[in-house]
There are 2 protein chains.
Amino acid sequence: MTEHTVKAYGEELDSLAADIARMGGIAESMVADSVASIIKRDAALARSVVERDPRVDTIQRDVERKILRVFALRQPMARDLRETLSALKLANDIERIGDLAKNIAKRTLVLHEDEPIALARGVERMGRIAAINLQQVLDAYSAREVRRAVNVWFQDEELDEHYNSVFRELLTYMMEDPRTIGPCAHLLFIAKNIERIGDHCTNMAEIIHFLITGEEMATERPKAEDALSVRIAPPEPKEG
Amino acid sequence: MTEHTVKAYGEELDSLAADIARMGGIAESMVADSVASIIKRDAALARSVVERDPRVDTIQRDVERKILRVFALRQPMARDLRETLSALKLANDIERIGDLAKNIAKRTLVLHEDEPIALARGVERMGRIAAINLQQVLDAYSAREVRRAVNVWFQDEELDEHYNSVFRELLTYMMEDPRTIGPCAHLLFIAKNIERIGDHCTNMAEIIHFLITGEEMATERPKAEDALSVRIAPPEPKEG
């Protein structure tokens with residue numbers, strides 16, 4: 001293998017990592033802006049989030065093509081193999097995050113007209129946490145810093161707790177005032193989408209841990225009480 | 001490379017395909033049973049679905065380890081490379097489907113006590129379609145039959161249409177009778193989980209198409225009208 005070939009191979013791996021960083025940057029902006037558009041009622045911002053999504057999809061397909069090429073021509077081993085497989089998996093998670101942010105933005109467009117802002121506060125708070133987690137896990141990837149990845153993994157628990165309380169809160173609003181059922185149903189899905197963005201950040205943290213250390217993350221994170229098990233009684237009929 | 005090594009390599013690829021088939025079989029049973037438990041109110045059945053999920057996760061991790069080994073030792077090319085990468089991606093989709101079926105089963109456990117059965121009919125219908133799509137896409141993989149994979153891909157549109165009508169129906173129930181808000185919120189999520197199972201079947205169909213033909217599926221499937229855009233007015237107050 002000539003010096004030139006070796007250099008080109010290194011460049012191919014660098015270009016994969018750069019693709020992941022670029023996808024990550026776009027997804028990061030999509031999450032932050034879709035969350036901002038929940039409260040701001042900024043339809044133009046929400047639409048711009050939707051418009052950014054095809055770019056993420058395109059880069060993901062590029063990444064997959066490049067990886068096929070790397071496998072076919074380079075037969076990567078050891079750390080290079082981990083770099084390549086991690087890029088494939090991270091691209092998958094980031095594409096899903098872009099999709100979820102797009103869905104959030106679409107729902108905020110439906111919400112904008114008549115939903116009372118108070119309903120959306122808890123959801124927006126969740127969204128801000130998820131946006132920070134995404135930013136940090138992307139930082140961990142760029143810096144190849146395992147400690148930061150592990151942090152994100154632990155922070156996801158906070159997001160799960162928020163999700164459970166937002167779920168209860170929204171159901172209570174719906175029972176108190178049936179006119180809020182439509183918007184609250186959309187907010188329930190937005191909350192769920194944010195929770196799933198958090199899950200993808202957790203996945204990414206695990207991938208980065210494996211990439212850097214060559215070992216799977218061993219810890220079993222305690223799951224917060226599950227919103228699945230929430231049972232809410234309808235409010236007592238008011239006297240009058 | 002000796003005859004022996006070549007044979008072992010072929011066996012490794014076969015064993016990957018067998019793992020995918022086994023995971024697929026478990027996930028198929030989980031989807032069918034979680035859907036059946038929606039109407040049957042069979043808590044034991046729902047719990048057995050939850051208990052099957054760790055097995056799917058374990059096989060997925062096995063698949064990933066085997067694939068790392070194949071890449072490291074065999075440097076697969078062409079069709080073998082497609083087999084290997086497809087197994088990695090299919091395992092990922094099937095693991096997600098198992099997770100979604102587990103979530104459906106958990107929610108049906110919450111629903112069982114007091115939800116009027118009529119509310120769940122539409123959701124159950126969706127579930128049966130999703131179960132069939134999963135079965136067919138797994139058949140397409142086993143038989144390496146591209147036509148059947150393409151069929152599943154088209155059938156997903158029907159599932160999307162069902163999802164949109166179920167979404168409207170559930171919101172209407174909630175508005176008519178606030179006591180149904182709790183169970184209907186869980187049914188909304190069950191419906192969404194089923195719709196996502198359908199999406200994963202569509203992904204799998206695309207992966208199988210690529211595996212067999214070496215080319216990406218080109219067609220752009222027309223998306224049914226999106227439940228995201230549904231706006232439902234609260235029912236008129238009744239006179240009396």
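What comes next is a walk through the structure. All values reported here derive from a predicted model rather than from experimental measurement.

1. Quick notes on the side chain of E195 of chain B
Item 1. As for its placement among the helices and strands, E195 of chain B is situated in helix α6 (residues 181-213).
Item 2. Those residues in contact with E195 of chain B that sit more than four places away from it in its chain are M126, D160 and Y163 of chain B.

2. Considerations on empty space enclosed by the protein
Item 1. Following the criterion strictly, the structure yields 1 cavity of 30 Å³ or more and no others.
Item 2. Considered as a void within the structure, the largest cavity measures approximately 60 Å³ in volume.
Item 3. Taken together, F189, K192, N193 and R196 of chain A together with F189, K192, N193 and R196 of chain B make up the lining of the largest cavity.
Item 4. Counting only elements with at least two residues in the lining of the largest cavity, the list comes to α6 (181-213) of chain A together with α6 of chain B.
Item 5. Its residues placed into classes, the lining of the largest cavity shows 2 nonpolar, 2 polar and 4 charged.

3. Topic: the pattern of salt bridges
All names here are of chain A.
Item 1. Going through the model one piece at a time under the given rule, you end up with 36 salt bridges over all chains.
Item 2. Between D53 and K102 there is a salt bridge, with the nearest N and O atoms lying 3.5 Å from each other. Here K102 lies in helix α3 (residues 78-111) and D53 lies in helix α2 (residues 43-74), a separation of 49 residues in the sequence.
Item 3. Since its relative accessible area comes to 3%, D53 is described here as buried.
Item 4. Since its relative accessible area comes to 18%, K102 is described here as buried.

4. Considerations on the packing of aromatic side chains
Item 1. The final tally for this structure, using the stated rule, is 8 aromatic pairs over all chains.
Item 2. Considering the side-chain rings of F189 of chain A and F189 of chain B, the 5.2 Å spacing of their centres and the 50 degrees angle between planes classify their relative orientation as tilted. Highlighted residues: F189 of chain A in helix α6 and F189 of chain B in helix α6, drawn from two different chains.
Item 3. A relative accessible area of 3% means that F189 of chain A is categorised as buried.
Item 4. An angle of 90 degrees between the planes, with centres 5.2 Å apart, marks the rings of W153 of chain B and F154 of chain B as edge-to-face.
Item 5. Note that R144 of chain A overlies the ring of Y141 of chain A, its terminal NZ or CZ placed 4.3 Å from the centroid.

5. Focus on α6 of chain A
Because each turn of an α-helix spans 3.6 residues, side chains separated by three or four positions end up pointing in the same direction.
Residue and element names in this part refer to chain A.
Item 1. Its 33 residues place the ends of α6 48 Å apart at the C-alpha level, agreeing with the 48 Å of an ideal helix rising 1.5 Å per residue.
Item 2. For α6, a buried count of 27 out of 33 residues is recorded, marking the element as mostly surrounded by other parts of the structure.
Item 3. The positive-phi residue at the C-terminal boundary of α6 is G214, with phi of around 75 degrees.

6. Details of unusual backbone geometry
All names here are of chain B.
Item 1. Positive phi values are uncommon outside glycine, yet R41 reaches one of about 55 degrees.
Item 2. With respect to the secondary-structure elements, R41 resides in the loop between α1 (3-40) and α2 (43-74).
Item 3. One non-glycine residue, R144, adopts positive backbone phi at about 45 degrees.
Item 4. Residue R144 is classed as partly exposed on the basis of its relative accessible area, which comes to 25%.

7. Regarding the nonpolar core
Item 1. Within the largest apolar cluster, 148 residues are counted, with the highest numbers of intra-cluster contacts made by V123, M174 and L187 of chain A together with V123, M174 and L187 of chain B.
Item 2. Setting aside chain neighbours within four positions, we find V123 of chain A in contact with I38, V166, L170, L187, I190, A191 and I194 of chain A.

8. So, α2 of chain A
All names here are of chain A.
Item 1. For α2, spanning 32 residues, the distance from its first C-alpha to its last is 47 Å, which sits close to the expected 46 Å at 1.5 Å a residue.
Item 2. Near the N-terminus of α2, the side chain that reaches the backbone nitrogen of A44, with its oxygen 3.2 Å away, is that of D42.
Item 3. Downstream of α2 by one or two residues, Q75 has phi in the positive range, about 45 degrees.

Each value, and the rule that gives it
Residues numbered from 1 in each chain as written. Chains lettered and ligands numbered in written order. Predicted model: local features only at pLDDT ≥ 70, side-chain atom pairs only at ≥ 80, totals over all residues. Heavy atoms only, no water. Helix = DSSP H or I, 4+ residues; strand = E, 2+ residues; numbered from the N terminus. Contact = heavy atoms within 4.5 Å. 1 Å grid on protein atoms, 1.4 Å probe; cavity = no way out; pocket = protein on both sides within 12 Å on 5 of 7 lines; lining within 4 Å. Points joined across faces, edges and corners; volume = space filled by probe spheres on them. Nonpolar A, V, L, I, M, F, W, Y, C, P; charged D, E, K, R; others polar. Salt bridge = Lys/Arg side-chain N within 4 Å of Asp/Glu carboxyl O. Buried < 20%, exposed > 50% of the residue type's maximum accessible area, 1.4 Å probe, protein only. Phe/Tyr/Trp six-rings, centres within 6.5 Å; stacked < 30°, edge-to-face > 60°. Lys NZ or Arg CZ within 6 Å of the ring centre and 35° of its normal. Expected span 1.5 Å × (residues − 1). Core = buried A, V, L, I, M, F, W, Y, C linked by side-chain atoms within 4.5 Å. Polar contact = N/O pair within 3.5 Å; in protein donor to acceptor, adjacent residues only side chain to side chain.

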